[in-house]
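Okay, here's what each chain looks like letter by letter:
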Amino acid sequence: MNTKPIRLEDLHIENWPNLILWAAPIMFLLVFIEWGISAYQKKDAYNTKDFFAASTIGLVNVGISALIKIATFGSALFFYNISPFTIPVTWWSFILCFFAIDFARYWAHRIAHEQRFWWATHITHHNSSKYNLSVSFRLGWTQHIKVIFFFPVMFMGFNPFVFFICHQIAVLYQFWIHTEYITKLPKPIEFFFTTPSHHRVHHASDAHYLDKNYGSTFIIWDRMFGTFMPEGERPTYGITKPVTSYNPVYLVFHEWVDIFKDLRKAKNFKEGWRILFDKPGAEVIANREKIEKEKATAIHSSKIEKEVLALEVQEK
């Protein structure tokens, strides 16, 4: 029986299980265990300032998620109500929804690395030179606008409750893959699922590792779309232009500030568009200024040559 349309208050969101909140104490416990093991083994896996920056960013992000919870799942309800499809709430609908969310996450993640505007929402997750469980807390405060990439999944007809549960599980899966203490898992798991080995490659700043392994839970999307790379030598973690600050606000907004500065220098709409949606590192303004400087130098040199030539003619 089709019960559409349903209202937001009919969902009783306040009674839905908050899996991420429940898991938070366990995640922090595991972080401290990993940190303790790292210290005992005299490994340089943790930095105290880096950890507190990551934790602050994560806690603020939890608060933002709570504040926009109604808006997020109001969107899910809107698309559910207008969808011509209705997928019943059964065991297999959870599996189907999880795969659909993970497919959307792959493309949202990939675009966030390929376009500077979206990279600004994601760079916070990559700007640590460490790789440990606490890195999973480093989620940019502006990343929530990427919800638009999940609208097609919402439109497929999944019950908002199914979407809510699957979304939380997908987020929680990301925690355990941020570690160097899990090396390689059995081949069937490595083939199908995103593992710590795969994700270490993704967090590398080494040129040959860049823009690889976008998969969230399943690595099969990378294998299908040509972005997979196995782990070889130990990656160098972080971003190609390292940041030295541990200020959470700076770590979240430094790329947005740089974008704004570049936009102020844009000469036309096309250049502004390229600043926003060209690849990160395209250096649109810097390259244009370099070309202008080279042209100015060439013109100046040409002018001097003409003046010298004129003087030589006069002397003759």
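On a predicted model such as this, the values are computed, not experimentally measured, just so you know. (Residues numbered from 1 in each chain as written. Predicted model: local features only at pLDDT ≥ 70, side-chain atom pairs only at ≥ 80, totals over all residues. Heavy atoms only, no water.)

1. As for the domain arrangement of the chain
- Taken as a whole, the chain is organised into domain 1 (8–244) and domain 2 (254–315).
- The C-alpha centroid of domain 2 is placed 39 Å from the C-alpha centroid of domain 1.
- Every contact between the two is made by 16 residues of domain 1 and, on the other side, 13 residues of domain 2.
- Across the domain 1/domain 2 interface, buried area totals approximately 1,300 Å², and carbon plus sulfur atoms make up 58% of it.
- The interface formed by domain 1 and domain 2 holds four salt bridges in total.
- With its nearest N and O atoms 3.6 Å apart, the salt bridge here joins Asp211 to Lys279.
- Listing elements by their share of the side of domain 1 that touches domain 2, those giving two or more residues are helix H5 (91–114) and helix H6 (116–122).
- A total of six residues in the side of domain 1 that touches domain 2 trace back to one element, the largest contributor, which is H6. (Domains from an automatic or database assignment. Contact = heavy atoms within 4.5 Å. Buried area = accessible area lost by both parts, 1.4 Å probe. Salt bridge = Lys/Arg side-chain N within 4 Å of Asp/Glu carboxyl O. Helix = DSSP H or I, 4+ residues; strand = E, 2+ residues; numbered from the N terminus.)

2. Brief notes about the UniProt feature "transmembrane region" (unreviewed entry) in the chain
- Sequence positions flagged by UniProt for "transmembrane region" (unreviewed entry) are, in local numbering, residues 20–40, 52–79, 91–108 and 147–176.
- Taken as a whole, residues 52–79 contains 96% helix and 0% strand, while its terminal C-alpha atoms sit 38 Å from one another.
- Helix makes up 100% of residues 91–108 and strand 0%. Its end C-alpha atoms lie 26 Å apart. (UniProt positions renumbered as here; feature names shortened; annotations may be inferred.)

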